[in-house]
Amino acid sequence: MSDLEKRAREFASRVHGEANQRRKYTLAPYIVHPAAVVELVRSVPHTPEMLAAAWLHDTVEDTDVLIDDIFHLFGESVAQYVAMVTKVSAERDGDREARFVVDLRHTALACPQAKTIKLADIIDNCRTVADFDPAFAEGYLAEKRRQLAVLTQGDAELFQQANETIERGVGVVLAWRQGRETF
């Protein structure tokens, strides 16, 4: 592990911990998600900056950390990757669909390295959402499917894995729906 990655891991662990963030459904410490994203990025061609950004990818969205903080602590490349995968929409941008479109346009402009991180993020977020909350997963997985259309420049292996993970979740949702309709 590079010094850059180690510093990013420690920073992300600290700020997510200080925010007392937990994973939805499992209530596990939030840092398990960035750790899973890092391992997915590590499984394909990557740079130390990509791994650092994978650790930090949710810090700006979910804590008081600013992109400027990331820039000063981890450098321009890491800050750019984090900025590219961070949602930019705000409540004033409209309903969930309108905000999704704003964020989708932002993601479409990301570089291939940031798109690779975003693919890893999607994979980890979609792994179990249908198992825990099929009603929510129905719309969520549809959004992720739409996101894939702008992530084709990311790593091909992770793109395929993201697609398969989403499709598996869709299958779980369909089975859940069928089960509800038979009663």
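Residues numbered from 1 in each chain as written. Predicted model: local features only at pLDDT ≥ 70, side-chain atom pairs only at ≥ 80, totals over all residues. Heavy atoms only, no water.

Caption draft 1: Seen up close, the environment of L73. Tracing the sequence through the fold places L73 in helix α5 (residues 67-74). For L73, a relative accessible area of 42% translates into the label partly exposed. Spatially, the C-alpha atom of L73 lies 33 Å from that of A149, the residues being 76 residues apart in sequence. (Helix = DSSP H or I, 4+ residues; strand = E, 2+ residues; numbered from the N terminus. Buried < 20%, exposed > 50% of the residue type's maximum accessible area, 1.4 Å probe, protein only.)

Caption draft 2: Broad picture of the UniProt feature "domain: HD/PDEase" (unreviewed entry) in the protein chain. Residues given the UniProt feature "domain: HD/PDEase" (unreviewed entry) here are residues 26-135. Counted over residues 26-135, helix gives 69% and strand 0%. Its end C-alpha atoms are 17 Å apart. (UniProt positions renumbered as here; feature names shortened; annotations may be inferred.)

Caption draft 3: Region of interest: the pattern of salt bridges. Scanning all chains against the criterion turns up 13 salt bridges. Among the salt bridges present, the one from R96 reaches E143, with a minimum N-O distance of 2.8 Å. Note that R96 is positioned in helix α7 (residues 96-108) and E143 in helix α10 (residues 134-148), a separation of 47 residues in sequence. The exposure class assigned to E143 is buried, which follows from its relative accessible area of 12%. Through salt bridges with shared partners, one network takes in E5, E39 and R42. (Salt bridge = Lys/Arg side-chain N within 4 Å of Asp/Glu carboxyl O.)

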